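So the chains spell out like this:
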Amino acid sequence: MSFDNMYQTPRMSSMGPGPQAPQGQGCGSPIPPTMQYQYPLMTSSPANGSQLSDMDINRIAVAVKNIMHGEIHQLVQDKMAPLVDCVQRLSDENKRLQRKVDELEMYSRRSCVRVFGVPEENKDTDTVVMTIAKKLDVPLEKSDLVVSHRVGKSDPSKPRPIIARISNYNARHSLIKGSKNLSKVDGMQGWSVNQELTKARSKVAYEARQLVKAKIAKSTFIWDGKIFVVDHNECKHLLVCLDDLLHLKLSTQRKESLKVLIHDIRSAQTAADEKAVVQKKCSSIRECIRDKDGYLYRGKNVSKLLYIHLLGYPIHFGLVECLQLIGSARNFSDKRVGYLAAMLILDETQDVHLLLICSIMYDLCNGTQYTQGLALCTMASINSAIWFQYLSTEVSKMIKSSDVYIKKKAILCACRIIRKDVPDIDTMEMFIPATQSLLDERNHGVLLTAVCLIDEMCEKSPDTLHHFRKVVPQLVRILKNLIMAGYSPEHDVAGISDPFLQVKILKLLRVLGKNNTDSSQIMNDILAQVAMNTDTSQNVGRAVLYETVRTILGIKSEAGLRVLAVNILGRFLINNDNDIRRAVELSFTLINANNVRGMMKELLSFLENCDPEFKADCCSNIVQAAESYAPDRRWHIDTIMKVLIIAGSSVREDVVSILIQLIAETNQLHNYMVQQLFKRIEDDVSQQPLVQVASWCIGEYGEKLVSGTCEEDEPVQVSEDEVVDVLEKVLSMNYCEEVTKEYAMNALMKLSSRFRTSIG
Amino acid sequence: IRFILIQNRAGKTRLAKWYMHFDDDEKQKLIEEVHSVVTVRDAKHTNFVEFRNFKIVYRRYAGLYFCICADVNDNNLAYLEAIHNFVEVLNEYFHNVCELDLVFNFYKVYSVVDEMFLAGEIRETSQTRVLKQLHMLSSLE
């Protein structure tokens, strides 16, 4: 798939007859679309043909210049081409000849060895070699040693090496091999025996040793005059000249696997180290990309780039590489890496992603199951409106495909499309017919995604909501099957068959059943069943139940069902796990006029048992809920009082003032209130807020208390003395707060003006 | 789901899958915020945290935090289960997975994520199916 193809995006082609690249630029580097030649727009020629304005002259000049430029370039190329060829040929020949000479020289030197480090005093080089051989246990005969002498310029600092020609192949090799043991022989430390090499080759050997030092290659050795390098993949490479070495160096750097890269980066100790390593790796990747063989290693390069990106470093230079990879991937894993890169690096705001439309279209239509899947995946992740415009028809076709794997992906993709709200397309129209049949599928994955899709559609538009009400019975049936079907090992999570599907269906039922009595009625049964059968010992079961409860409370369910829901919530609350409690905070939001009494009962009992840290939150929530939904005043005040009694100390201050305000407003309940409060604080003065409220009340309505009349309950016969006594008690308590004492003082003052008898 | 994050205790991101559009610096900020919120909480706290206008459902496995950022009215417990499902699949696929596995085979981890979650929703819940699919994919390499 040629690279140019990728740039023919619909947007590009709509730009009219694009200007052509001039002929001379044939070296294969593609022109990025943003840098196209800006030919001056040839608007209509001047109305009067004879007169030329300045602008026209300019235009003509520029056009002429461009033409000339093109012509000259062409001429130069023509002349140069044969010359360049010739030079290239000659240099190749030169290299070949050099190599040949080197080989010939080497052949003649093959049988020689050099001994280093022998001091100049040892004049007889023959005996030196013989003694070395004896010490190393090498069977060297006097006859094998053809000739030996010192060689090289005499140097005061170090002794000249001895060169010796040994005709016996085996002896020579054992001598060289055993040379490293010379350091163990006393008197011969610092001596070494090496193969004789030509000047060029010894340079290569030196470089090879540097490579090993730099850890690019694993090891190097010389055999029979040939230099070998073993790289990290255990491959032996024969090096003949320096070029080979460079080539090897580059290729090992390129072939360096992802693992090595990750390992290197991770071994950096500090952040600055890591940055340096990453820089080095980036530059080598950049080199590799630029190199003409770079395409072979594209997959590796892109995955390396991805890792670096994951660490947070910028990799803009590699973006084009990633895109190219998707188009030119030779096998599946390359393609996968390419798509992954696209998903991670691109998103809809970058124009570059438009370039991928072609590849994706191609893959969607022609790829194997897996490539299709990949393309769909990428589409879904980068939800770009433009892509969806062009590709939605493909996606809807795929929903109908028989391959389950593709179906699921396509459905979720459709989900995304709908959520995205693409202009110009009536997405609902497209997808409704496809989804009709989806619910009949038996595959859970498909069901899951289909339910998701329907959910999405209903959220978007109320018409589809109507449309899908019809499928409620079907959904109910599916749910029933799930529960009854017993043990299905594939989807089982801790004993509950496919909880995810259950949850999703329940959610959808809630959406469909809102404000619609018919559907709600159908659902009642199944909801009750689910609620009762699910096992709550595991988190999974609780998840399902939670969703059930939400659904029950969300639709117009019958009263019995609601009671059931409330009971479940109560059960949740008793559970000590924080998760459950937190999850039940939802219950506060779900309280509405219908169920507030039931809920309150549960909540109050919960309040008695829960941890202190949670109490404060809970209290304020209860108070708030009570305020919004209280069926009548009396109940409201009762509830708040109960709250104060149970959780007095953790209640916030504003609750007190709220309560006081409430009481003040409800005239008819004053008697009742005062009596109740008095009863309470007679016994127990420890709950501060309660005491505060009580003292205030007594202060305000003291005479009502004493008068002993009350609408309901047995009136309490209280004398003024008793009232005053209680208040005094409050004042004298050491652990009462200041505020409470203030309240009590206030109350006393008020009473003093109203009570007839005297106060002690 | 808005995004899925796997971070280690030190704050290094092992996997980040975004289902919503964010700029690069926004992403970085989000990562740091999530890390600071999630590492402070110990085992006694609940696994759900309110975060900006979403909520995070997270679970800690050894030294890694698996976080899913979802909408406020989504089902928390279901996502918690989804996380556990995901971890179990990883365990099966890599044979006793550890953090190093996730680091060295990060592209494979992404393919697992794509198998189980797509476009912000749970896609496949059956572990056997997912594993079968993954083995087929790896045989293609």
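Before reading on, note that the structure itself is shown above.
In this text, all values refer to a predicted model and were calculated from it rather than measured experimentally.

A.B. asks: Mind laying out the overall build of chain B, listing which residues take part and the relevant values?
C.D. replies: Along the backbone of chain B there are five helices and seven strands. Going from N to C terminus, chain B has its helices and strands arranged as β-β-α-β-β-β-α-α-α-β-β-α. Taking the contacts inside chain B whose residues are at least 6 apart along the sequence as the reference set, 47% of them involve residues at least 24 apart. For chain B, the computed accessible surface area is about 5,700 Å², with 49% contributed by carbon and sulfur atoms.

A.B. asks: Kindly report on the nonpolar core, identifying the contributing residues and their values.
C.D. replies: Generally speaking, nonpolar side chains in soluble globular proteins are found buried as a group. Core analysis: the largest hydrophobic core is formed by 93 residues, its most contacted members being L306, I308 and I345 of chain A together with F66, F86, L90 and F117 of chain B. Here this core takes eleven residues from helix 2 (residues 76-94) of chain B, the largest share from any one element. Excluding its chain neighbours within four sequence positions, the residues that come into contact with F86 of chain B are I6, F66, V112, V113, M116 and F117 of chain B. Counting 21 residues, the second largest nonpolar core, distinct from the first, contains L136, L140, A164 and L175 of chain A.

A.B. asks: Could you give an account of unusual backbone geometry, with specific residues and numbers?
C.D. replies: The phi torsion at D137 of chain A lies on the positive side, around 65°, for a residue other than glycine. The backbone phi angle of N96 of chain B is positive, close to 60°, even though this residue is not glycine. Within the secondary structure, N96 of chain B sits in the loop between helix 2 and helix 3 (99-104).

A.B. asks: Kindly report on a negative patch on the surface, identifying the contributing residues and their values.
C.D. replies: Residues and elements named next belong to chain B. A surface patch of like charges, here negative, comprises D23, D24, D25 and E26. Inspection of the secondary structure assignment puts D25 in helix 1 (residues 24-40). The exposure class of D25 is exposed, given its relative accessible area of 57%.

A.B. asks: Pulling in residues and values, what's your account of the packing of aromatic side chains?
C.D. replies: All names here are of chain B. Within this structure, the stated rule accounts for eight aromatic pairs over all chains. For the pair F66 and F86, a centre-to-centre distance of 6.3 Å together with 75° between the ring planes defines the contact as edge-to-face. With F66 in strand 5 (residues 64-70) and F86 in helix 2, the pair connects residues that are 20 residues apart, well separated along the chain. Exposure class is identical for F66 and F86. Each is buried. Measuring from ring centre to ring centre gives 5.7 Å for F106 and Y107, while their planes differ by 85°; the resulting arrangement is edge-to-face. In this structure an aromatic cluster arises from ring pairing among Y61, F66, F86 and F117.

Parameters and conventions
- Residues numbered from 1 in each chain as written.
- Chains lettered and ligands numbered in written order.
- Predicted model: local features only at pLDDT ≥ 70, side-chain atom pairs only at ≥ 80, totals over all residues.
- Heavy atoms only, no water.
- Helix = DSSP H or I, 4+ residues; strand = E, 2+ residues; numbered from the N terminus.
- Contact = heavy atoms within 4.5 Å.
- Areas by Shrake-Rupley, 256 points an atom, 1.4 Å probe, with all protein chains shown as cover.
- Core = buried A, V, L, I, M, F, W, Y, C linked by side-chain atoms within 4.5 Å.
- Buried < 20%, exposed > 50% of the residue type's maximum accessible area, 1.4 Å probe, protein only.
- Patch = residues over 30% accessible without salt bridge, like charges linked within 9 Å, V, L, I, M, F, W, Y side chains within 5 Å.
- Salt bridge = Lys/Arg side-chain N within 4 Å of Asp/Glu carboxyl O.
- Lys, Arg positive; Asp, Glu negative; His and termini not counted.
- Charge placed at Lys NZ, Arg CZ, Asp CG, Glu CD.
- Phe/Tyr/Trp six-rings, centres within 6.5 Å; stacked < 30°, edge-to-face > 60°.

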